[in-house]
Amino acid sequence: MTMRHKATQEQPVDLPVGFNALLLDCAPVPGCATCRTEWRNLKTAEGAGEIWQAADHATKIRDHASGCH
Ligand SMILES: [Zn+2]
């Protein structure tokens, strides 16, 4: 008699809310079309649960301050 255990590598990524807030911490600059577009995409991604994609948009908004766009 053998006992088999199914080993699944999949684990749900459950990030704490505070961590999400940190990832998405950014402020779109008023009047900047790029920031506005990224902010909209951020909110869409956040609403869809695509937190890493949302964080990517937040990074682009932060890039405004460093003169990347
Ligand atoms: Zn901008």
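Rules behind the numbers
- Residues numbered from 1 in each chain as written.
- Predicted model: local features only at pLDDT ≥ 70, side-chain atom pairs only at ≥ 80, totals over all residues.
- Helix = DSSP H or I, 4+ residues; strand = E, 2+ residues; numbered from the N terminus.
- Buried ≥ 20, exposed ≤ 12 C-beta atoms within 10 Å, placed from the backbone.
- Contact = placed C-beta atoms within 7 Å.
- Core = buried A, V, L, I, M, F, W, Y, C linked by C-beta atoms within 7 Å.
- pLDDT = per-residue confidence, 0-100.

Quick look at the overall build of the protein chain now. A count of helices and strands for the protein chain gives 3 helices and 0 strands. For the protein chain, the sequential pattern of α-helices and β-strands runs α-α-α. Taking all 69 residues of the protein chain together, the buried fraction comes to 13%. The long-range fraction of contacts in the protein chain, counting pairs at least 24 apart against all pairs at least 6 apart in sequence, stands at 47%.

Proteins that are soluble and globular tend to have nonpolar side chains buried together. Listed in full, the 6 residues of the largest apolar core are Cys 26, Cys 35, Leu 42, Ala 54, Ala 58 and Ile 61. If you list the elements that add at least two residues to this core, you get α2 (33-47) and α3 (51-62). With 3 residues, α3 is the largest single contributor of residues to this core. With sequence-adjacent residues up to four places away left out, Cys 26 is seen in contact with Ala 58, Ile 61 and Arg 62.

Residue-level pLDDT values for the protein chain average 88, and 80% of them are 70 or greater. Predicted confidence in the protein chain is weakest over helix α1 (residues 17-23), with a mean pLDDT of 86, and strongest over α2, with 97.

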